[in-house]
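Geometric and topological summary
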Amino acid sequence: MTTVDKSIVTDMALAPDGHLKIDWVQAHMPVLNRIREQFEKEQPFKGLKVTISLHLEAKTAYLAKVVKAGGAEVTITGSNPLSTQDDVCAALVEDGITVYAKYNPSPEEYKELLIKALETKPDLIIDDGGDLVSILHSERKDLAVQVRGGAEETTTGILRLKAMDKEGKLEFPMVAVNDAFCKYLFDNRYGTGQSVWDGINRTTNLVVAGKTVVVVGYGWCGKGVAMRAKGLGANVIVTEIDAIRGVEAYMDGFAVMPMVEAAKLGDFFVTVTGNRDVIRGEHYKVMKDGAILSNAGHFDVEVNKPELEAMSSSKRTVRRNIEEYQLTDGRKIYVLAEGRLVNLAAGDGHPAEIMDMTFALQAMSLKYVNDEYEKLGKTVVNVPYVLDEQVARFKLESLGTSIDFLTEEQKMYLDSWAEH
């Protein structure tokens with residue numbers, strides 16, 4: 001790693017390629033561009049420090065630049081060891097943002113970089129998966145003192161935050177960006193759906209049509225993955241623990257069954273649950289020779305790799321981001337991207353136009369929590385609907401389209417309880 005000013009990155013010589021990536025996404029993020037113009041005029045973060053932990057690639061980099069345009073002193077680090085892009089990190093350093101990140105750090109290095117990002121003593125944070133919040137509430141409580149609040153990006157992080165909130169341990173307000181309409185309806189469904197298959201297809205170079213795809217979990221991410229698999233010509237099976245989602249998947253045209261049954265049939269497996277061990281030893285025992293396993297949940301715990309390794313006689317890397325496990329009975333099972341987020345560890349993540357909406361919500365939510373933190377309390381906070389709808393309206397305008405508005409008579413009609 002190289003130290004430049006306060007930053008720690010891999011190689012500053014990579015910066016030109018990083019700038020090209022950031023320029024490309026900026027040209028395809030009109031909503032965030034509009035918010036940047038507002039921030040440049042209003043300077044909502046003037047004099048404040050902001051620390052960001054997100055998948056550190058070009059779209060995230062542009063969000064950091066938008067926050068900086070609002071007057072903040074910005075520090076950024078990664079939220080997953082395999083999703084950081086070293087050229088983007090170098091470009092951000094040249095753009096005046098402090099960076100503590102590198103591709104594929106050891107677990108110890110990864111933790112150290114997170115802590116260094118927090119040692120800047122931020123007033124506000126943006127988190128992805130809850131790592132920053134966890135550190136601030138455990139071994140580095142001293143760094144939490146001046147944190148006004150922040151925003152959380154993903155399902156996994158919100159689950160962790162709500163657990164802390166329930167126990168009364170959360171020390172500042174956190175906005176649940178993942179629960180906003182303009183996040184899960186588009187980012188989780190269309191973003192995950194497309195980027196997961198981008199990652200799988202570019203990594204394996206195998207056909208999907210005619211194969212059986214098992215989607216583990218039918219939340220909004222699972223819906224997107226299943227929809228795109230169907231579009232690629234796959235036969236899709238959904239496994240679930242929620243009866244309502246199981247019925248929904250069935251009525252969407254997918255087979256629904258327990259994982260132990262689906263494991264016998266799948267050619268590709270994609271986990272999107274936010275939970276651990278959803279594919280484990282009992283499933284490996286019945287899988288086809290050549291089954292391909294991938295994960296699109298935040299942490300690399302959904303596919304139980306220790307159990308797979310214990311059942312294997314050998315393990316080798318057969319292609320970039322593909323590990324082959326040969327079981328003692330001769331069958332081979334393949335794991336993509338070490339069981340980490342396949343769409344980011346083996347791809348470029350969600351499309352820029354999708355992240356445009358999500359990161360617009362992040363920027364606006366950060367401003368909201370800064371404006372209102374004294375009133376919000378130490379709890380998990382929903383994104384106000386007015387912000388959610390504003391992002392959607394900006395998006396429609398960027399597409400050159402519009403929607404209707406209620407007339408005064410229609411408003412009165414809807415507000416009336418009398419007989420119509």
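Treat the numbers as computed from the prediction; the structure is a model and nothing was measured.

1. A word on the pairing of strand β7 (residues 149–152)
Successive residues of a regular strand alternate their side chains across the two faces of the sheet. Neither face of β7 is exposed, since G149 and A151 on one face and G150 and E152 on the opposite face are all buried. The pairing of strand β6 (residues 124–127) with β7 spans four bridges and is parallel. When the sheet's bridge partners are listed, I126 is paired in β7 with A151. Since β6 and β7 lie parallel, the crossover through helix α6 (residues 131–136) that links them has a hand, and here it is right-handed.

2. Re the domain arrangement of the chain
In terms of domain boundaries, the chain breaks down into domain 1 (3–185 + 350–399) and domain 2 (189–346). Taken together, the 19 residues of domain 1 in the interface contact 18 residues of domain 2. Together, the buried faces of domain 1 and domain 2 total about 1,600 Å²; carbon and sulfur atoms form 60% of this surface. Taken as a group, L82, L185 and H350 account for 34% of the area that domain 1 buries against domain 2, more than any other trio of residues on that side. At the junction of domain 1 and domain 2, the tally comes to zero salt bridges. For the pair domain 1 and domain 2, the number of links is seven residue pairs in polar contact (both at pLDDT 80 or more). When contributions to the side of domain 1 that touches domain 2 are tallied by element, the ones reaching two or more residues are α7 (155–166) and α8 (181–204). Looking at the side of domain 1 that touches domain 2 residue by residue, the classes come out as seven nonpolar, eight polar and four charged.

3. With respect to the packing of helix α1 (residues 15–26) against helix α3 (residues 58–69)
Direction vectors running N to C along α1 and α3 enclose 75 degrees, while the axes themselves pass 8 Å from each other. When the axis of α1 is compared with that of α3, the two are roughly perpendicular. From α1, K21, I22, V25 and Q26 reach across to α3, where they touch A58, K59, A61, Y62 and K65. Among the residues making up the contact of α1 with α3, the classes are represented as five nonpolar, one polar and three charged.

4. Let's talk about the side chain of T154
Among the structural elements, T154 can be located in the loop between β7 and α7. Once residues within four sequence positions are removed from consideration, T154 is found in contact with D128, G129, N178 and H298.

5. With respect to the UniProt feature "domain: S-adenosyl-L-homocysteine hydrolase NAD binding" (unreviewed entry) in the chain
UniProt feature "domain: S-adenosyl-L-homocysteine hydrolase NAD binding" (unreviewed entry): in the numbering of this structure it lies at residues 188–349. Each end of residues 188–349 is marked by a C-alpha atom, and these two atoms are 11 Å apart; helix forms 35% of the span and strand 25%.

6. Things to note about the nonpolar core
Within the largest apolar cluster, 56 residues are counted, with the highest numbers of intra-cluster contacts made by I35 and V99. Per-element accounting of this core gives the leading share, twelve residues, to helix α15 (residues 352–376). Those residues within four positions of V99 in sequence are excluded, and the remaining contacts are S7, I8, V9, L56, I76, C89, L92 and V93. Core analysis: the next-biggest nonpolar cluster, separate from the first, contains 29 residues, I200, F268, I292 and A337 among them.

7. Quick look at the pattern of salt bridges
Evaluation of the coordinates by the stated rule reveals 32 salt bridges. Across the pair K162 and D179 runs a salt bridge, and its minimum N-O distance is 3.5 Å. Here K162, found in helix α7, pairs with D179, found in the loop between β8 (174–176) and α8; they are 17 residues apart in sequence, far enough to count as distant. Residue D329 is joined to R331 by a salt bridge in which the shortest nitrogen-to-oxygen separation is 2.9 Å. Judged by its relative accessible area of 14%, R331 is buried.

Each value, and the rule that gives it
- The written sequence of each chain sets the order in which its residues are numbered from 1.
- Confidence filtering applies because this is a predicted model: local features only for residues at pLDDT of at least 70, side-chain atom pairs given and counted only at 80 or more, and all residues used for totals across whole chains, interfaces and linings.
- By convention in this description, side-chain values take in all heavy atoms of the structure and omit both hydrogens and water.
- Classification of residues uses two cut-offs on accessible area relative to the type maximum, computed with a 1.4 Å probe and protein chains only: under 20% is buried, over 50% is exposed, and between them is partly exposed.
- Secondary structure follows DSSP: runs of H or I at least 4 residues long count as helices, runs of E at least 2 residues long count as strands, and numbering of each begins at the N terminus.
- When DSSP finds at least two bridges between two strands, those strands are taken to pair.
- A right-handed crossover is one whose linking path, passing over the helix from the first strand to the second, runs clockwise when the strands point away from the viewer.
- Throughout the structure description, domain borders are defined by an automatic or database domain assignment.
- Should any heavy atoms of two residues lie within 4.5 Å, those residues are counted as being in contact.
- Here's the idea: put two parts together, see how much 1.4 Å probe accessible area each one loses, and the total over both is what we call buried area.
- Every case where a carboxyl oxygen of Asp or Glu lies within 4 Å of a side-chain nitrogen of Lys or Arg is listed as a salt bridge.
- Under the rule applied, a polar contact is a pair of N or O atoms within 3.5 Å (in protein, one hydrogen donor and one hydrogen acceptor; residues adjacent in sequence only if both atoms are side-chain atoms).
- Think of it as three bins: nonpolar holds Ala, Val, Leu, Ile, Met, Phe, Trp, Tyr, Cys and Pro, charged holds Asp, Glu, Lys and Arg, and polar takes everything else, Gly as well.
- For helices, the axis comes from a line fit to the C-alpha atoms of the stretch in contact; other axes are also lines fit to C-alpha atoms, and the angle between any two N-to-C directions lies between 0 and 180 degrees.
- Each angle is binned into one of four classes, with values under 35 degrees roughly parallel, values over 145 roughly antiparallel, values of 65 to 115 roughly perpendicular, and all other values oblique.
- UniProt positions are given in the numbering used here, feature names are shortened, and annotations may be inferred rather than shown by experiment.
- To define a nonpolar core, start from buried Ala, Val, Leu, Ile, Met, Phe, Trp, Tyr and Cys residues and group those joined through side-chain atoms within 4.5 Å.

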